[in-house]
Amino acid sequence: MKVVVVGTGYVGLVTGACLAEVGTDVVCVDVDAAKISRLEEGILPIYEPGLEEIVTRNFKNGRLKFSTSLEFSIPDAAVAFIAVGTPPGEDGSADLRYVLQVAREIGHHMTAPLVIVTKSTVPVGTAVKVNRAVKEALQDRSASIDYDVASNPEFLKEGAAVADFMKPDRIVVGVNNDRAAKVLEALYAPFLLNGHPILFMDVASAEMTKYAANAMLATKISFMNDIAGLCELVGADVNKVRKGIGSDPRIGSRFIYPGIGYGGSCFPKDVKALIRTGLEYDRRLRILEAVEAVNDDQKKVMFDKIFRHFDGQLKNKTIALWGLSFKPNTDDMREAPSLVLVASLLEAGASVRVFDPVAMHEAQKALGDAVEWCSDLYHAAEGADAVALVTEWNEFRLPDWKRIGARVLFDGRNIYDDVTLHKNGITYYGIGTIQPS
Ligand code: NAD
């Protein structure tokens, strides 16, 4: 079976590479010609553990190809995945311009029956719009070719995308008929050997499932951040509270860690888009409105702690940031809380030294020469008045505290403990923990 994946970003490249890895012939198509030619030279546009290896292997064995031309790639394909971006529009709704542009292009160039699958995160009703766009494009050229439009939202996590794709918890597929279901069942069979299910449902439910999943995860984060804020005020320790509630299987221990707010390309935009969908149907999603508001505030929490610690005097102070990406194991800087922290520190007159194991290149695009770029965590901490742990990369977990001159540490992810820090003469601020008096 030949598959075309349109959009070669986090989702498209991982999808294409993993499908090729299990024996499918794949062409990854992107409008970004520079990205495609770099991929052909073996240079990946993103960092994702394990991805480079499978891209290289499958490119060499000829199962994975790259192209800028949908026209040449689509004719002999059985399945076309649409995996382009759906950024937030001005009103928060998902901007479907790229998805529909690809749908039209597919309609212009397809020559044989095709299953067209939206993998991008798209609001309910998008499959209907994709269907219309393909139909109109076919009509324009007076062509009559069978096709199906299916929805197959992607649940991979950045930082573990290859592992998630190869061994998914579940695969959700929205279809209108058996024909598309059979094609996708065959395509995904190699990924379901671990016994996890492929869940077939109607298209609207599949589209909704993705938003509901991300909205629930964002809710868990904002809930814990809200509880963490209260813990600080009442003198409780959220780390203990987290363990206390997480041992109840109805709550579960995963994804209830407080921090400095969620970021990335998905939660912020998907929460916004779902709120927007609600408004289109005259229904306010009040929980999600609060989730968003709590998150906006949470991104400022670390700055507030630093500001208070230094009595508002941040001029001539140097703050070292450990980590910049919105979470570990990715170079993705989209909506990263670090950007909010850096902006506030600079505005308050502080100097900022930064280090991230893989996101420096991406971060430079946003921060330029406003900060000092350092070669490792110790270099960043050199001469700093305080260290702020922003992203919980593994290599930050056990620093040699003797090499850290700063006497205060702000831990945005609660990966350290106050006892160890105090032993090393460092004042410790966690999130939702007992704060130094
Ligand atoms: P991305 O920005 O990394 O990649 C999108 C790619 O699409 C870019 O390379 C861009 O050049 C290309 N593109 C845009 N218009 C095109 C066109 N007309 N033809 C061909 N290529 C085109 O985006 P991403 O992070 O991979 O996200 C893609 C979609 O998947 C979004 O809807 C996102 O919400 C969803 N999603 C993302 C993740 C994630 O972790 N990043 C997880 C699940 C779902």
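Quantities reported herein were computed from a predicted structural model and do not represent experimental measurements.

Details of the UniProt feature "domain: UDP-glucose/GDP-mannose dehydrogenase C-terminal" (unreviewed entry) in the chain
Thinking step 1. Mapped onto this structure's residue numbering, the UniProt feature "domain: UDP-glucose/GDP-mannose dehydrogenase C-terminal" (unreviewed entry) falls at residues 320-418.
Thinking step 2. Its end C-alpha atoms 19 Å apart, residues 320-418 is made of 25% helix and 18% strand.

Brief notes about the site of the ligand
Thinking step 1. Lining the immediate environment of the ligand, one finds 26 residues, of which G7, G9, V11, S120 and T121 sit closest.
Thinking step 2. Mapped onto the shell around the ligand, the elements with two or more residues apiece are helix 1 (10-21) and helix 5 (97-109).

Here's the deal with the sheet that holds strand 9 (residues 318-322)
Thinking step 1. With respect to topology, six strands assemble into an open sheet ordered 11-10-9-12-13-14, the strand pairing being parallel. The open sheet has two free edges, formed respectively by strand 11 (372-373) and strand 14 (427-429), since each of these has just one partner strand.
Thinking step 2. The pairing of strand 13 (residues 408-411) with strand 14 spans three bridges and is classified as parallel. Along strand 14, the bridge assignment pairs F410 with Y429.
Thinking step 3. The sheet strands contacting helix 13 (residues 301-309) are strand 9, strand 12 (386-389), strand 13 and strand 14, and the helix crosses strand 13 at an angle near 160 degrees.

A short note on the environment of Y416
Thinking step 1. Considering the arrangement of structural elements, one finds Y416 in the loop between strand 13 and helix 17 (418-423).
Thinking step 2. Those residues within four positions of Y416 in sequence are excluded, and the remaining contacts are L409, D411, L421 and Y428.

A look at the domain arrangement of the chain
When the parts come together, some accessible area is lost, and that loss is often what is quoted as the size of the interface.
Thinking step 1. Each assigned domain of the chain is listed here: domain 1 (2-200), domain 2 (211-297) and domain 3 (299-429).
Thinking step 2. Centre-to-centre separation of domain 1 and domain 3, based on C-alpha positions: 38 Å.
Thinking step 3. Across the boundary between the two partners, domain 1 contributes seven residues, which contact seven residues of domain 3.

Here we look at unusual backbone geometry
Thinking step 1. Even without a glycine there, the phi angle at D282 is positive, about 60 degrees.
Thinking step 2. With respect to the secondary-structure elements, D282 resides in the loop between helix 11 (267-280) and helix 12 (286-298).
Thinking step 3. Phi is positive for D311, which is not a glycine, with a value near 50 degrees.
Thinking step 4. Inspection of the secondary structure puts D311 in the loop between helix 13 and strand 9.
Thinking step 5. On the neighbour-count criterion, D311 (7 C-beta atoms within 10 Å) is exposed.

Quick word on helix 12
Thinking step 1. Spanning 13 residues, helix 12 covers 18 Å between terminal C-alpha atoms, matching the ideal 18 Å at 1.5 Å per step.
Thinking step 2. Buried within helix 12 are the following residues: L288, V291, E292, V294, N295 and Q298. Buried positions in helix 12, seen along its axis, are confined to an arc of 165 degrees and lie on one side of it. Exposed side of helix 12, more than 90 degrees from the buried face: R286 and A293 are the residues found there.
Thinking step 3. The inward-facing, buried residues of helix 12 contact helix 9 (203-234), helix 11 and helix 13.

Some thoughts on the nonpolar core
Thinking step 1. Judged by nonpolar contacts, the single largest core of 125 residues is most densely connected at V6, A80, I82, I116, L321, V387 and A388.
Thinking step 2. Residues within four places of L321 in sequence aside, it is in contact with S338, V342, V352, V354, A380, A388 and V390.

Things to note about helix 6 (residues 126-140)
Thinking step 1. With 15 residues, helix 6 should reach 21 Å at 1.5 Å per residue; the first-to-last C-alpha distance of 21 Å fits that figure.
Thinking step 2. Against the buried residues of helix 6 lie helix 5, strand 5 (114-118), strand 6 (147-151) and helix 9.
Thinking step 3. Two residues or fewer after helix 6 comes S142, characterised by a positive phi angle close to 50 degrees.

What counts, and where the lines are drawn
- Residues numbered from 1 in each chain as written.
- Predicted model: local features only at pLDDT ≥ 70, side-chain atom pairs only at ≥ 80, totals over all residues.
- UniProt positions renumbered as here; feature names shortened; annotations may be inferred.
- Helix = DSSP H or I, 4+ residues; strand = E, 2+ residues; numbered from the N terminus.
- Near = placed C-beta within 6 Å.
- Pairing = 2+ DSSP bridges.
- Contact = placed C-beta atoms within 7 Å.
- Axes fitted to C-alpha atoms, helices over the stretch in contact; angles between N-to-C directions.
- Domains from an automatic or database assignment.
- Buried ≥ 20, exposed ≤ 12 C-beta atoms within 10 Å, placed from the backbone.
- Expected span 1.5 Å × (residues − 1).
- Arc of directions from axis to C-beta.
- Core = buried A, V, L, I, M, F, W, Y, C linked by C-beta atoms within 7 Å.

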